[in-house]
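# Structural overview for review
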Amino acid sequence: MTMAPPLMSPSDPMLGVDPEHGTSLWRGAWRRLRRNPVAILGALLVLAFVLIAVFASALAPYAANSREWASEVTLTSVPGPREGNLLGIDRYGSDLYSQLLYGARQSLIIGVVSTLLGLVVGAMLGILAGGLGAKVDMVVMRIVDILLSIPSLLLAVSIVAVLGQNRYAVMIAIASAQVPVFARLLRGTMLSQARSDYVLAATSLGLRRRTIVMGHVLPNSLGPTIVQATLNLSTAVIEVAALSFLGLGESDPAVAEWGRMLVAAQDRFASSPQLALWPGLAIAVSALGFTLLGEALREALDPKGRR
Amino acid sequence: MTDDTIGGRGVNAPDVVRRDLSTEALLTVRDLRVEFGKKGQRPTTAVDEVTFEIRRGEHLGIVGESGSGKSVTSLAIMGLLPATGVRVSGQIMFDGEDLLAASEKRMRDVRGRDIAMIFQDPMTSLNPVVTIGTQISEVIRGHRDMGKAEANERAVELLRKVAMPDPGRRMKEYPHQLSGGMRQRVLIAIALANEPQLLIADEPTTALDVTIQAQILEILKQVVADTGTALIMITHDLGVVAGLCDSVHVMYQGRVVESAQRRPLFAEPRHPYTGGLLASVPRLDSPRGQPLKPIPGSPTDVLPWTQGCAFTPRCANRIDTCTEKTPALKIEGQRALRCFNPLTLSSAGGATP
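For the structure given in this document, a descriptive report is provided here.

## Structural notes on the overall build of chain B
The helix and strand inventory of chain B stands at 11 helices and 12 strands. Relative to its full complement of 353 residues, chain B shows a buried share of 54%. For chain B, the share of sequence-separated contacts (at least 6 apart) that also reach a separation of at least 24 residues comes to 66%. With an accessible surface of roughly 14700 Å², chain B has 49% of that area assigned to carbon and sulfur atoms.

## A closer look at the environment of Val281 of chain B
All names here are of chain B. Here Val281 shows up in the loop between α10 (272–279) and β11 (330–332). Classification of Val281 as buried rests on a relative accessible area of 15%. Each C-alpha atom, one on Val281 and one on Leu292, is 7.1 Å from the other, the two residues being 11 residues apart in sequence.

## As for a nonpolar patch on the surface
Residues and elements named next belong to chain A. Taken together, the side chains of Ile40, Leu44, Leu47, Val50, Leu51, Val54, Phe55 and Leu59 present a nonpolar region at the surface, about 710 Å² in accessible area. No other element matches helix α2 (residues 37–54), which puts six residues into the nonpolar patch. By secondary structure assignment, the location of Leu51 is in helix α2.

## Considering the environment of Ser259 of chain B
Residues and elements named next belong to chain B. Within the element layout of this structure, Ser259 appears in strand β10 (residues 255–261). By relative accessible area, Ser259 is classed as buried at 9%. On a C-alpha basis, the gap between Ser259 and Gly61 in space is 9.5 Å, while along the polypeptide they are 198 residues apart. Those residues in contact with Ser259 that sit more than four places away from it in its chain are Val248, His249, Gln334, Arg335 and Ala336. Within the structure, the side chain of Ser259 is placed 3.3 Å from the side chain of His249, a separation counted as a polar contact.

## Some details on the sheet that holds strand β4 (residues 86–94) of chain B
All names here are of chain B. Spatial ordering of the open sheet is given by β2-β1-β4-β5, a layout of four strands whose pairing is antiparallel. Pairing within the sheet leaves two strands with one partner each, and these edge strands are β2 (44–55) and β5 (97–98). As defined by bridge partners, strand β1 (residues 25–36) adjoins β2 across eight bridges and the pair is classed as antiparallel. Paired with Leu32 across the bridge in β2 is Val50. Across the sheet, helix α1 (residues 70–78) is in contact with β1, β2 and β4; its angle to β1 comes to roughly 115 degrees.

## Quick look at the side chain of Asn127 of chain B
Structurally, Asn127 of chain B can be placed in the loop between β6 (115–118) and α3 (132–143). With relative accessibility at 0%, the residue Asn127 of chain B sits in the buried group. Within polar-contact distance, the side chain of Asn127 of chain B engages the side chain of His216 of chain A at 2.9 Å. At 2.5 Å, the side chain of Asn127 of chain B forms a polar contact with the side chain of Asn220 of chain A. Not counting residues up to four positions away in its chain, the partners in contact with Asn127 of chain B are Tyr198, Gly215, His216 and Asn220 of chain A together with Gln135 and Pro175 of chain B.

About the criteria used
- Residues numbered from 1 in each chain as written.
- Chains lettered and ligands numbered in written order.
- Predicted model: local features only at pLDDT ≥ 70, side-chain atom pairs only at ≥ 80, totals over all residues.
- Heavy atoms only, no water.
- Helix = DSSP H or I, 4+ residues; strand = E, 2+ residues; numbered from the N terminus.
- Buried < 20%, exposed > 50% of the residue type's maximum accessible area, 1.4 Å probe, protein only.
- Contact = heavy atoms within 4.5 Å.
- Areas by Shrake-Rupley, 256 points an atom, 1.4 Å probe, with all protein chains shown as cover.
- Patch = residues over 30% accessible without salt bridge, like charges linked within 9 Å, V, L, I, M, F, W, Y side chains within 5 Å.
- Salt bridge = Lys/Arg side-chain N within 4 Å of Asp/Glu carboxyl O.
- Polar contact = N/O pair within 3.5 Å; in protein donor to acceptor, adjacent residues only side chain to side chain.
- Pairing = 2+ DSSP bridges.
- Axes fitted to C-alpha atoms, helices over the stretch in contact; angles between N-to-C directions.

In structure tokens:
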């Protein structure tokens, strides 16, 4: 076997020096993430909330749900910011700042766990539907359609009613409402990717279907799902609040939770808007953090978007 | 005059004719017919009455314009046409086995190991999120019992064979880091990974720069010559055929209209369509400023083959018979021709290959 003479010398100027040469997909993505100010902002916000959730008891100046100043709360007024109480008093007489810090724990943990659960189950269904052919697709997608036909809140209420009122029931309830979203999204992306040239090329090389689905189609289809997961993190935080509003959230009233704080602030909104402002802001900023990080991650992982 | 004048591509082929070809057919396609259509609709015939054979080590060209059925023919050989909405009939015998009757599992073994294919667009035919090295080695390991390290070594060797600069470094890179020409080299390396007996190249140079086209053809020619691989070159470019192929089949609207060895076909095209194709190629020996002679009309001006000759509306040689009955593919010596009123030598304006 003779060797073809090289037609292009290795020093060809066309090849240039590629700063990304030899890096793996995830290492390259990490490098691009670190350079992206939006990613850094998102990561800092997420990190801050995670740290607050973990170290809430150390950071908070007062105990959770202390009700130390309950006597100062009247029907028409709630004490605002003052010395000792950075953000004022909540309507039950506890320190608002401390309650906010404790609230991070509930909202973020339930939000993250339920989204991860929804993502994993939804992705498995999506891979089954998008990768195993038309018949499996039919069956799986009809199941997903049934899930989707039940309003998500009603589904969540039913699940909490069946499983009992505790935080795990809330997680499963919110996750099950997210499953169809992830399943449909991943299936759709995988089906469109399955029609692309590189899949035809891989098929023409005699690769197994499993290799093509897991090694080629899936990695190219994950981007939108990752972005969707970060967006869902913020909606999950809000759903935790919605379930609390209906009295189906965490059964222990001593556990602080942003959604419930927001609900409690409703009837005092005219006189004490700060009661709604701070929990609302906390939800918005944590959601923003996840969204910024997710968007940046998508950009970093998208080979087409690389400069 | 050399091959260089046709198409002006500068592809030298001094060794094409001198190669020894075995007499045994490697692939025989007989009466291949491919119809597309949904249930209850009248099917559209994309390919009909396609018959040819290729021997080991032979280079065969299939020439035709867009929609002439050349890509569909290659997909049918590979068994890559969708399972629904397509009807394939006829016979595709590969090494004594009818591929149309083979199971999907059997076809998966054949694909990539015995028959491989190079696609037209190197920009989209590689997976963007998988490294070059993985994409080559997984094809090797998919068909052989080979360890990762060994497969990687072989992948580097393959990249070296297709004249890829710095192959070791390229292994860890992603397709977007390579130019179009380099990606096509990778695709050639992948196609040759398991030393297939037959390589189908579906317009491998169409999406590339003209300067890169010649390089890629040269590489392709070298690697198939080294391994004794039979090659089906699907193209619309007669320059590519002139530099590479032993025999040529010209297709028009799904049927072969003329087949012959390369030399007689270029020297004396008999079908008016072949003649038109050759006359429309720019030639180095034509006087300065002489306009090119295009084939009048467009590929959409067709008569269904069932009513007559599909080329009639664009044909300068048409006679009444052309619209009255369907011409059959007649074999005259070394040549097969589907025409009622073929060109004679004087009117053909042939080119010397």
